[in-house]
Amino acid sequence: MPTDIQAVKTRPELARDLGVSHAGAIVVGTIIGSGIFLVPAEMMQAVGSAKLVYLAWLVGGLLSFFGALTYAELGAMKPQAGGEYVYVRDGYGPLAGFLYAWTWFLIAKPASIATITTGLVRILETFPVFAFFSNPVFRHPFFVSYGQLVAIAATVLISLLNYAGVKRAGEFQLIFTLLKVAIILGIVAIGFSYRGGSWSHFAGTYAAAKGGIAGFMAALVAALWAYDGWNDLNMVAGEIRQPERNIPIALIAGVAAVGALYMLVNAAVQFVLLADAIATSPRPASDAIGLVWGTLGASIVSAAMAISMLVTLNGTIMSGARIPFAVARDGYFFSVLAEVHPRFHTPSVAIGVQAAISIVLLLFGGSFRQFFSLAIFAEWLFYMIAASTVFIFRHRDPQSPRPYRVWGYPVVPGLFVLSSALLLYYTFTNNLRNSASGCLVILAGIPVFYVFARRRRKDDNRTP
């Protein structure tokens, strides 16, 4: 009979099957969801002019780029599955690391998955053939619509894709990200081909805008939400080839590419629509392209949004499952979540449990906005905490190998931490109820941690 040590040595491990192109696709594909097609209206309502909208995009992109530079150093230094969990654990201790994993496992990732799939259904409903999605399948013992079933089906199918191998999921991410970028560039070209468009639109204003510092901060928050998702790459660091090289390249190039695409889309919308039209439209990009190509143009934008959200869903499911896997391998969570599939070399149980929690949210959790508000506070709290560990490691372990060093240290990571704190403040005050609920769930993880810590100590004491 093999000993426990032999069993540990022979247990299956995650496979480093993701190259730099897959890593870049995870960054670009996960960031670009539906936000770029929707938030121009919110931003114009906030600041009231194209120039200030662009300033918010530039500042948001720059702050996100600073975050990517910071995470590039952390990811190259600690290329392990779990990403931010590893940085928080090593920087602030096992309790802080567990609370991160607990929050991501119960709130952030399932709520993000539910948000994406619910948003996908909302987009598909704009096509007449899918108008029945809002109809009920049954009303008792609880209400379930066809749209909820579609959202659940999307969750299950993409989870199965990730279950069957990270390389398959990575190839899907790469192919559909390239398709997404091609469609976005096509939308930009269509917008600038509009004969009724004018560069004078960029000088227009929206008189009913909130304005002032509060307005600009609201626009900046919207921009930062649209840029959100670049951190997911670090969670799959344990499956990236040459992580010390490929993580920094993918993060830096990916965020820069997204910034360029966002500027182009926003410019195309501004070229076609007046400021008033942008501010009062629920879907500015669809309206802009609809003016050029009619219903066909609006359908192209809706298709682009649907593909974008499907690719974002894949990246979110891929990255999210690595967090409970990592904390379970450390002995601070249910050991079954640390299992690696012997054939596919994926955290199969963690993927399945993550899908199950997301499905529960989809059935009983509430609306799109509730999912979104629930996730955003927890996410930015831990972005701030994880990024701050770069200062701890620089001070505590100055001689540790650092294949990549963040440019502009300490200013660049410092600005990102401060911007995260600012966004966290605005998120908390604007969504007090959901933010407070998020805090309570985080704090509820403290006694859970000590239960697993006590069990871990007992297991260590039994080990000869």
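Residues numbered from 1 in each chain as written. Predicted model: local features only at pLDDT ≥ 70, side-chain atom pairs only at ≥ 80, totals over all residues. Heavy atoms only, no water.

Regarding its fold elements, the protein presents 18 helices and 2 strands. Computed over C-alpha atoms, the radius of gyration of the protein comes to 22 Å, within 12% of the 23 Å expected from 2.2 N^0.38 for 464 residues, which places it in the range of a compact globule. Oriented by its inertia axes, the alpha-carbon framework of the protein measures out at about 80 × 55 × 40 Å. Residues classed as buried in the protein amount to 56% of the 464 residues present. A separation of at least 24 residues holds for 82% of the contacts in the protein among residues at least 6 apart in sequence. Accessible surface computed for the protein: about 19,100 Å², of which carbon and sulfur atoms make up 66%. Put simply, the protein has 32 plus and 21 minus side-chain charges, and the middle of one group is 1 Å from the middle of the other. (Helix = DSSP H or I, 4+ residues; strand = E, 2+ residues; numbered from the N terminus. Rg over C-alpha atoms; globule rule 2.2 N^0.38 Å. Buried < 20%, exposed > 50% of the residue type's maximum accessible area, 1.4 Å probe, protein only. Contact = heavy atoms within 4.5 Å. Areas by Shrake-Rupley, 256 points an atom, 1.4 Å probe, with all protein chains shown as cover. Lys, Arg positive; Asp, Glu negative; His and termini not counted. Charge placed at Lys NZ, Arg CZ, Asp CG, Glu CD.)

Moving on to the packing of helix α5 (residues 84-92) against helix α6 (residues 94-124). Relative orientation of the contacting elements α5 and α6 amounts to 155 degrees, with a least axis distance of 6 Å. Taken together, the axes of α5 and α6 are roughly antiparallel relative to one another. In terms of crossing hand, the pair formed by α5 and α6 is right-handed. Of α6, the residues touching α5 (which contributes Glu 84, Tyr 85, Val 88, Arg 89 and Tyr 92) are Pro 94, Ala 96, Gly 97, Phe 98, Tyr 100, Ala 101 and Trp 104. Broken down by class, the residue content of the contact of α5 with α6 amounts to 9 nonpolar, 1 polar and 2 charged. (Axes fitted to C-alpha atoms, helices over the stretch in contact; angles between N-to-C directions. Parallel < 35°, antiparallel > 145°, perpendicular 65-115°, else oblique. Left-handed = near helix turned anticlockwise from the far one by under 90°. Nonpolar A, V, L, I, M, F, W, Y, C, P; charged D, E, K, R; others polar.)

Before going further, it helps to spend a moment on the pattern of salt bridges. Counting across every chain of the model gives 9 salt bridges. Lys 109 is the salt-bridge partner of Asp 232, the closest N and O atoms lying 3.0 Å from each other. Of this pair, Asp 232 sits in helix α10 (residues 232-235) while Lys 109 sits in helix α6, and the two are 123 residues apart along the sequence. With a relative accessible area of 6%, Lys 109 lands in the buried category. Here Asp 397 and Arg 396 are joined by a salt bridge, their closest N and O atoms 3.5 Å apart. Under the relative-accessibility criterion, Asp 397 is labelled partly exposed at 23%. In this structure, a network of salt bridges that share partners links the residues Lys 78, Arg 89, Asp 90 and Asp 330. (Salt bridge = Lys/Arg side-chain N within 4 Å of Asp/Glu carboxyl O.)

Let us look at the environment of Lys 458. Tracing the sequence through the fold places Lys 458 in helix α18 (residues 432-462). On the basis of relative accessibility, which here comes to 48%, the residue Lys 458 falls in the partly exposed class. Along the primary structure Lys 458 and Leu 418 are separated by 40 residues, whereas in three dimensions their C-alpha atoms are 41 Å apart.

Turning next to the packing of aromatic side chains. All told, the structure shown has 31 aromatic pairs when counted by the stated rule. In textbook terms, an aromatic cluster arises when at least three aromatic residues are bridged by ring pairs, as seen for Phe 98, Trp 102, Phe 105, Tyr 332, Phe 333, Phe 334, Phe 449, Tyr 450 and Phe 452. Here Lys 78 stacks its cationic end above the ring of Phe 393, 4.8 Å away from the centre of that ring. Geometry around Tyr 409 places Arg 394 over its ring, the cationic atom sitting 4.0 Å from the centre. (Phe/Tyr/Trp six-rings, centres within 6.5 Å; stacked < 30°, edge-to-face > 60°. Lys NZ or Arg CZ within 6 Å of the ring centre and 35° of its normal.)

Here the focus is unusual backbone geometry. Here His 140 and Pro 141 are connected by a cis peptide whose omega angle stands at 5 degrees. Within the secondary structure layout, Pro 141 lies in the loop between β1 (136-138) and β2 (144-145). Going from Tyr 409 to Pro 410, the amide bond is cis rather than trans, its omega being 5 degrees. Positionally, Pro 410 belongs in the loop between α16 (368-396) and α17 (411-430). Although it is not a glycine, His 345 adopts a positive phi angle of roughly 55 degrees. Within the fold, His 345 resides in the loop between α14 (322-329) and α15 (348-364).

Helical geometry note: an α-helix holds 3.6 residues per turn, so side chains three or four residues apart project in the same direction. For α15, spanning 17 residues, the distance from its first C-alpha to its last is 25 Å, which sits close to the expected 24 Å at 1.5 Å a residue. When α15 is considered as a whole, its buried residues turn out to be Ser 348, Ala 350, Ile 351, Gln 354, Ala 355, Ile 357, Ser 358, Leu 361 and Leu 362. (Expected span 1.5 Å × (residues − 1).)

A word on the side chain of Arg 322. Structurally, the position occupied by Arg 322 is in helix α14. For Arg 322, the contacting residues outside a window of four places in its chain are Ala 81, Gly 82, Val 166, Met 235, Val 236, Glu 239, Pro 347 and Ile 351.

Once that is clear, we can look at the nonpolar core. Ranked by internal contacts, the top residues of the largest apolar core, which has 150 residues, are Phe 37, Met 43, Trp 57, Leu 233, Leu 251, Tyr 262 and Phe 333. A per-element tally of this core places α6 first, with 16 residues. Setting aside its immediate chain neighbours within four residues, Trp 57 contacts Ile 36, Val 39, Met 43, Ala 223, Ala 226, Tyr 227, Tyr 262, Met 263 and Asn 266. (Core = buried A, V, L, I, M, F, W, Y, C linked by side-chain atoms within 4.5 Å.)

Here the protein averages 87 in pLDDT, while 92% of its residues score no lower than 70. Between residues 1-8, whose pLDDT stays under 50, and residues either more than four places distant or in other chains, the model counts 0 contacts. (pLDDT = per-residue confidence, 0-100.)

The next thing to look at is a nonpolar patch on the surface. A contiguous nonpolar patch, built from Phe 132, Val 137, Phe 138, Tyr 146 and Leu 149 and spanning about 400 Å² of accessible area, is present on the exposed surface. Sorting the residues of the nonpolar patch by element identifies β1 and α7 (146-163) as the ones contributing at least two each. Assignment of secondary structure puts Leu 149 in helix α7. Of the residues examined, Leu 149 reaches a relative accessible area of 39% and is grouped as partly exposed. (Patch = residues over 30% accessible without salt bridge, like charges linked within 9 Å, V, L, I, M, F, W, Y side chains within 5 Å.)

Put simply, helix α4 (residues 50-77) and helix α11 (residues 243-272) touch, their axes get as near as 8 Å, and they point 170 degrees apart. By the angle between their directions, the pair α4 and α11 is classed as roughly antiparallel. Among the residues making up the contact of α4 with α11, the classes are represented as 21 nonpolar, 4 polar and 1 charged.

What follows deals with the environment of Met 217. Its place among the elements puts Met 217 in helix α9 (residues 212-227). Relative accessible area serves as the criterion here: at 11%, Met 217 is assigned to the buried category. Through-space distance from the C-alpha of Met 217 to that of Ala 101 is 29 Å; in sequence the pair is 116 residues apart.

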